[in-house]
Amino acid sequence: MLHTVNKSPFQNSSLENCLRVAQPGDVILLLEDGVYAASAGTAKSSLLEQAVKRHTVYAIEADLKARGLANLIKEVRVAGYGDFVDLVEQHPVHAWL
């Protein structure tokens, strides 16, 4: 399963809800304001630091750049839009809004 999260974890509980139901091996894709969750050293960093132990986590590169985010949790993979398309083709998708 591919879980997409597009809301900031600082303003919305989508990421927490996603992590509560995601199964080991599921893929999590952070996009739009969801990429804020990939930032290292924040009050919400522990959510993703735990998640990367059970899931592959991607963050959309263009969204990271648009928000000026560069200090990321080490295990978060940066993905382009082509990677996003590949992930959607490979997995059923659940969008967390």
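Residues numbered from 1 in each chain as written. Predicted model: local features only at pLDDT ≥ 70, side-chain atom pairs only at ≥ 80, totals over all residues. Heavy atoms only, no water.

(A) Layout of the pairing of strand E3 (residues 56-60). Among the five residues that make up E3, four are buried, leaving the element largely enclosed by the rest of the structure. Looking at chain direction, strand E2 (residues 27-30) and E3 are connected through four bridges and run parallel. The residue bridging Leu29 from the neighbouring strand is Tyr58, located in E3. Regarding the hand of the β-α-β motif, the stretch spanning E2, helix H2 (residues 45-51) and E3 is right-handed. Pairing of E3 with strand E4 (residues 77-79) involves three bridges; the strand directions are parallel. Paired with Ile60 across the strands is Ala79, a residue of E4. Crossover handedness for the path E3 to helix H3 (residues 61-66) to E4: right-handed. (Buried < 20%, exposed > 50% of the residue type's maximum accessible area, 1.4 Å probe, protein only. Helix = DSSP H or I, 4+ residues; strand = E, 2+ residues; numbered from the N terminus. Pairing = 2+ DSSP bridges. Right-handed = clockwise from strand over helix to strand, strands pointing away.)

Read these as layout, nothing more, since geometry by itself doesn't imply function.
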